[in-house]
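Working through the structure, step by step
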Amino acid sequence: MKELNRRQFLKWGAVAGTGAIFFPSMMGKAFAKSLIAPNEDPHFFLMITMPDASGLDNSYLFDARPTEMTKNGVIQNYRKTGEATPWLGSNGVSTLATDIVKPLLPFKSDFSVVNGTLMDIGFDGHEQNINYLFTGDPFGGENFIPVLNHTSQKPKELDAILRGRFAVNQKNGSQTVPLSPSGAKNLVAALKRIPPLDSQSRLYQYLMYRFSANAAGTGGFSSASDMMKNSFGSTNHLASMMAQINSDGADTNEGFIKLVGQVFRTGAAKSGILVLDQFGFDTHDSAGAAKQPDMFAKLVESLASVFSSLKSLPYDSTRSLLDVTTVMFCSEFSRTLRQSSRPIDDTGTDHNPLNNSIILGGKGIRGGQVIGSSDYAISTEKLSPAHLILDKNKLKAMGRPFDFDRGISRTDLPAEYKAADYLGIGSVVNTIQSSFGVDRSHWRLTERNGVIAPVIKQLLS
Amino acid sequence: MKKFTLVILFFISCSAHAGSNSVLRGYTQINRLIHERIAQRNGFHVGQYLLGQSTSSPQNGDLLSLLGTYDGSDTSAAYANGDPNTVNMLLWYIDLNMFAEDIALQCAPPAHEEILLQDDPKVFPLKLNPDFMAVLQPLCAWPNDAAKTDAVLYAFWSAILGFDAPPEEFQAWKTYFLTDPEYTTASPAKLIAAMSLSAMFNPYFLLAE
């Protein structure tokens, strides 16, 4: 049989299956055995988050308020379907949830709700709080997701694959790679057009030799050359893993989860980051606020479909993808109950970093619980002096003080705000880092110059 | 005083350089360099080897954007995917490897295959710039001694890298191809493909200093 050369292949490359003949050694090895070390406990991470300016009004989800608060002018509510109802956690704690969350009921035991989580109380901007969520610093720094890949287990080639725009100022993002299903499809097709890299070849060794020579200095050019050397040294392994990927399917959330599943199974990356392409939640006017119930219904459908995919997609013969993946969902903060000086039936909402709700489930997490709570739960509630210092116009709900030993909210009313009294996002991140075995040197502090934020032990399975 | 000021400026310059890494030039700039130095435009763009279609700049989220690109618009635009990582190094390798092999074929372009390519409106046959063709031709005589002179080798090297790389990079490259037994007697096609790839895969070509 006459072999096709590269130029002919360029023309005929789209023909299904043709590529395999150009990639015999990789394809053979790839399907012959899993690339995951047999004694490795598989543990992956999936972050589901919102586009860079969202800030979800969690009163439409698992941090709802009774309608009496709307009647008394405390909180806007454009939902027309009656009272929110208790969502009782398996730990005996309940929260009010709207009927919008119903599609998540089949997965109730798979995740826990963490309410009353404080973000960066010093800033109410999207950018600062997105940075704070992922890096613990409002101006950016070390993102916790890549860190999950650098534990006692052998790191994956990539820290994370990403779908959507991820606007975090992160200093460790070089191995977090945007890879849509269509991008993966093109990559796999491209891999099939060339023979595998031979790391024993003399040309390969010459290329590595020049990377090394240029990496020997101390400047930014040397650092980048060093990154080239290390990355190029891993390309063969990554290529053999990517060659196993079948990225057929629509460019949808479900498509991305399928892709994530394959990437996890091959061992190419430790984490997935899914930025939902749903916009319009950052509404400051009443017209936008009035659309929120419908928008949240679509958002919950997306979340339910992600959980459904995670549960139905097998990781191996005995475990689903959800069994091996810790899943987190949240935006950068919640929203105010209303706006100042607006009638309650014609108001929008503003940013509220004093409160956030997080959904946390999957591997390593005890699901079905409700952890933490926010205050201002009824219109006559007496708010703490600490709350009133931070929110003198009483426009916001704030996380209640938290008893980390017992895993429940406290009922006292602190006179002043002390970070260590509250459930901050640092504790949620440290809980995740703890379950992955991340070294404590990476753990978050309660605040700048504070102590290490306590792990929420009750969340760990 | 003037000398003192220069010393201060030197240290400021050094510390600023040390503080931030170089990044990959990205697809758009490398494609432009290739047009300036190697290939005629004529619809040809180097990303066609990766995508199977010719395009001058990355589209949102496609593979070319992973090679380094500006993301966002207006004041929020930022250079993304510029740090070398396993994926973009793999992508550059695939793309430049195929491009290098295409360059090597120019010693004796197979006409019938070009016709095949011309049938497909998405990809375009490689046509070299006349200046680049002129420095390539002497190498087509490899392994004859006439192809191994400093003048021939430096002309080819500098046609790709310009003055971006220091002399020791050329020396290392030249020494390798003149002494490695795999290439001293290799066919012109094998030699030129390897020479082209190794020049383009050099940090001084791919990185923005």
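To be clear, the structure that these remarks concern was listed above.
The present account deals with the structure reproduced in this document.

With that out of the way, let us pick up the overall build of chain A. A tally of regular secondary structure across chain A gives 13 helices and 14 strands. The globule rule puts the C-alpha radius of gyration for 461 residues at 23 Å, and the 24 Å found for chain A is close to it. Here the C-alpha coordinates of chain A stretch approximately 85 × 45 × 40 Å along the principal axes. Burial status across chain A gives 51% buried among its 461 residues.

Residues and elements named next belong to chain A. An ideal rise of 1.5 Å per residue puts 20 Å on 14 residues; helix α9 (residues 253–266) measures up with 20 Å between its terminal C-alpha atoms. Burial analysis of α9 places eleven of its 14 residues in the buried class, which makes it a mostly covered element. Of the positions making up α9, those classed as buried are Asn-253, Phe-256, Ile-257, Lys-258, Leu-259, Val-260, Gly-261, Val-263, Phe-264, Arg-265 and Thr-266. A positive backbone phi angle near 85° is found at Gly-267, which sits one or two residues after α9.

Opposite the 41 residues of chain B that make contact, chain A presents 44 residues. Every element with two or more residues in the side of chain B that touches chain A is listed here: α1 (2–19), α3 (48–51), α4 (86–104), α5 (111–118), α8 (167–179) and α10 (188–200) of chain B. By residue number, the principal contributor to the side of chain B that touches chain A is α4(B), which donates nine residues. A breakdown of the residues in the side of chain B that touches chain A according to their chemical character gives 22 nonpolar, eleven polar and eight charged.

Okay, the packing of α9(A) against helix α11 (residues 292–312) of chain A next. Geometry of a packed helix pair, given as the angle between the helix axes and the separation of the axes. All names here are of chain A. Two elements in contact, α9 and α11, have axes whose closest approach is 9 Å; the angle formed by their N-to-C orientations is 30°. Looking at the two axes, α9 sits roughly parallel to α11. Between α9 and α11 lies a crossing of right-handed hand. Within the contact between the two elements, α9 uses Asn-253, Glu-254 and Ile-257 and α11 uses Ser-302, Ser-305, Val-306, Ser-309 and Leu-310.

Take the environment of Leu158(A) next. Turning to its location among the elements, Leu158(A) is positioned in strand β5 (residues 158–163). In the structure, Leu158(A) is positioned twelve residues away from Pro146(A) in sequence and 8.6 Å away in space, judged by C-alpha atoms. Look past the residues within four positions of Leu158(A) in its chain and what remains in contact with it is Gln175(A), Val177(A), Ala268(A), Ala269(A), Thr86(B) and Val87(B).

A separate point is the packing of helix α7 (residues 150–161) of chain B against α10(B). Residues and elements named next belong to chain B. For the pair α7 and α10, the least separation of the axes is 10 Å and the interaxial angle reads 40°. By the angle class used here, α7 and α10 are oblique. With respect to the hand of their crossing, α7 and α10 are arranged in right-handed fashion. Listed contacts from α10 to Phe-156, Trp-157, Ile-160 and Leu-161 of α7 are Met-195, Ala-199 and Met-200.

A few words now on the environment of Lys418(A). Secondary-structure assignment places Lys418(A) in the loop between β14 (408–409) and α13 (425–436). For Lys418(A), a count of 13 C-beta atoms within 10 Å gives the class partly exposed.

The rules we used
Residues numbered from 1 in each chain as written. Chains lettered and ligands numbered in written order. Predicted model: local features only at pLDDT ≥ 70, side-chain atom pairs only at ≥ 80, totals over all residues. Helix = DSSP H or I, 4+ residues; strand = E, 2+ residues; numbered from the N terminus. Rg over C-alpha atoms; globule rule 2.2 N^0.38 Å. Buried ≥ 20, exposed ≤ 12 C-beta atoms within 10 Å, placed from the backbone. Expected span 1.5 Å × (residues − 1). Contact = placed C-beta atoms within 7 Å. Nonpolar A, V, L, I, M, F, W, Y, C, P; charged D, E, K, R; others polar. Axes fitted to C-alpha atoms, helices over the stretch in contact; angles between N-to-C directions. Parallel < 35°, antiparallel > 145°, perpendicular 65-115°, else oblique. Left-handed = near helix turned anticlockwise from the far one by under 90°.

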